[in-house]
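So the chains spell out like this:
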Amino acid sequence: LGNYFAALLNNKKYEEALKVSDAILKINPDNVNILFNRAIILENLGREQETLDLYNKIVEKDSNTKDAFFNRGLWYLNQTVKIAKQLIALRDSMENNPKAQALIERSSNLIEEQKSFFNKAGSDFSRVLQLSPNDQEAMRFLGYCYLNEEKPEKAIEVLEKLVQNKPDDKEAWGYLSIAYAKKGMIDKAKEAEKKSQEL
C-alpha cells in the first residue's frame, strides 16, 4: 500500500492517493510520513483548512517533525500574502471613500490578522531551527517574519548568520538591508543593498 501510495503521489494522482492513504491510516493511524504526504496532497488540491488541521495533528503526534513545522510556517506565510492582496484592494476603496468606518475597521482587522500569521509562521521557523540549526531556508523565512513583525534586531541576528553561511543569498541581503535601515544603520543598509543587487 505504501509503495502504491508513493507511486500515485509521484504521478500527481491526488484523489486516488488520498483513498490509499485512508486505507493505510486505518491500519496505522500514527504513520507520520503518510500524514505528512497527505497534507501535501490536500494543499495541492486547495483544501486549505484540512491541510492546516493535518499539520497541527502531525506536530501534536511528533514535535520533532521538522518538515511539518516548516510547511505549516509556509502555510501561514501564504495567508499573509492573501491578506496583503485584500489590503491593496481595500486601500483602493478607501481612497474613494476615506471616511468609511466599515472600511477602516476591516483594514485594521486584516492588519492584525496578518500580524498573527507572521507570528505563527515565525514560531514554526524558530522550531525548525531548534531541530536543524543550519537550515538556511528557515533562517531566511524567520528573518522575513521578524521584519514584518517590526523586530529588526531579531531579523538582523538571524540574517547576519545566514549571509555568513550563504554569502550569495540575494534575498537575505535584501531583507538585511531593510532591517539595518529600520535600525538607522544607514551605511550597513546601503552595503547590504549593494550586495543584494550584485548577486
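Up top you'll find the structure we're talking about.
As a convention, each chain's residues are numbered from 1 in the sequence order in which they are written. Whole-chain, interface and lining totals are the exception, using all residues; otherwise, since this is a predicted model, local features are given only for residues with pLDDT of at least 70 and side-chain atom pairs are given and counted only at 80 or more. Hydrogens and water are ignored here; the side-chain numbers use all heavy atoms of the structure.

1. Observations regarding the overall build of the protein chain
Phase 1 of the analysis: Each helix is a run of H or I in the DSSP string that is no shorter than four residues. Each strand is a run of E no shorter than two, and both are numbered from the N terminus. What the protein chain contains, in helices and strands, is ten helices and zero strands.
Phase 2 of the analysis: Ordered by position in the sequence, the α and β elements of the protein chain form the string α-α-α-α-α-α-α-α-α-α.
Phase 3 of the analysis: Overall, the protein chain is about 60 × 50 × 30 Å in size when its C-alpha atoms are taken along their principal axes.
Phase 4 of the analysis: Within the protein chain, buried positions represent 40% of all 199 residues.
Phase 5 of the analysis: In this description, contact between two residues means that some pair of their heavy atoms is separated by no more than 4.5 Å. A separation of at least 24 residues holds for 50% of the contacts in the protein chain among residues at least 6 apart in sequence.
Phase 6 of the analysis: In this description, accessible areas are obtained by the Shrake-Rupley approach with a 1.4 Å probe, and a residue is regarded as covered only by the protein chains that are shown. Roughly 11400 Å² of accessible area belongs to the protein chain as shown, and the carbon and sulfur atoms make up 48% of that amount.
Phase 7 of the analysis: The sign given to each residue is positive for Lys and Arg and negative for Asp and Glu; His and the chain ends receive no count. For the purpose of locating charges, the reference atoms are NZ of Lys, CZ of Arg, CG of Asp and CD of Glu. The protein chain carries 30 positive and 31 negative side-chain charges, and their two centres are separated by 1 Å. Relative accessibility decides the category of a residue: with a 1.4 Å probe and only protein chains considered, values under 20% of the type maximum give buried, values over 50% give exposed, and everything between is partly exposed.

2. A short note on the nonpolar core
Across soluble globular proteins, you tend to see nonpolar side chains buried next to one another.
Phase 1 of the analysis: The criterion is simple. A nonpolar core is a set of buried Ala, Val, Leu, Ile, Met, Phe, Trp, Tyr and Cys residues joined through side-chain atoms within 4.5 Å. In terms of nonpolar packing, the biggest core is built from 56 residues, with Phe 5, Ile 41, Ile 58, Phe 125, Leu 159 and Leu 176 touching the most fellow members.
Phase 2 of the analysis: The leading source of residues in this core is helix α5 (residues 66-96), at nine residues.

3. Quick look at the packing of aromatic side chains
Phase 1 of the analysis: Under the pairing criterion, centres of Phe, Tyr and Trp rings, with the six-membered ring standing for Trp, must be within 6.5 Å; the plane angle then separates stacked pairs below 30 degrees from edge-to-face pairs above 60, leaving the rest tilted. Taken as a whole, this structure holds nine aromatic pairs when the rule is applied.
Phase 2 of the analysis: Aromatic pair Trp 75 and Tyr 76: ring centres 5.7 Å apart, planes at 85 degrees, arrangement edge-to-face.
Phase 3 of the analysis: Taken together, the ring pairs in this structure connect Phe 70, Phe 125 and Phe 141 into an aromatic cluster.

4. Quick word on the packing of α5 against helix α6 (residues 101-131)
Phase 1 of the analysis: Lines are fitted to the C-alpha atoms to define the axes, a helix being fitted only along its stretch in contact, and any angle between axes, read from their N-to-C directions, falls within 0 to 180 degrees. For the pair α5 and α6, interaxial distance at closest approach is 8 Å and the crossing angle is 160 degrees. The angle between α5 and α6 falls in the class roughly antiparallel. Every pair of crossing elements has a handedness; the one defined by α5 and α6 is left-handed. An angle below 35 degrees is read as roughly parallel, one above 145 as roughly antiparallel, one from 65 to 115 as roughly perpendicular, and any other as oblique. Crossing handedness: left-handed means the near helix sits turned counterclockwise from the far one by under a right angle, and right-handed means the same turn made clockwise.

5. Quick word on the pattern of salt bridges
Phase 1 of the analysis: For salt bridges, the criterion is a side-chain nitrogen of Lys or Arg within 4 Å of an Asp or Glu carboxyl oxygen. Scanning all chains against the criterion turns up 14 salt bridges.
Phase 2 of the analysis: Between Lys 194 and Glu 198 there is a salt bridge whose closest N-O contact spans 3.8 Å. Note that Lys 194 and Glu 198 are positioned in helix α10 (residues 186-198) at a spacing of four residues, about one turn of the helix.
Phase 3 of the analysis: Exposure remark for Lys 194: the relative accessible area of 52% places this residue in the exposed category.

6. Re the packing of helix α3 (residues 32-44) against α5
Phase 1 of the analysis: Two numbers describe how α3 lies on α5: the axes approach to 11 Å, and their chain directions differ by 20 degrees. Taken together, the axes of α3 and α5 are roughly parallel relative to one another. Where α3 crosses over α5, the two elements pack in a sense that is left-handed. Together, Phe 36, Ile 40 and Glu 43 of α3 and Asp 67, Ala 68, Asn 71, Trp 75 and Asn 78 of α5 make up the contact between the two elements.

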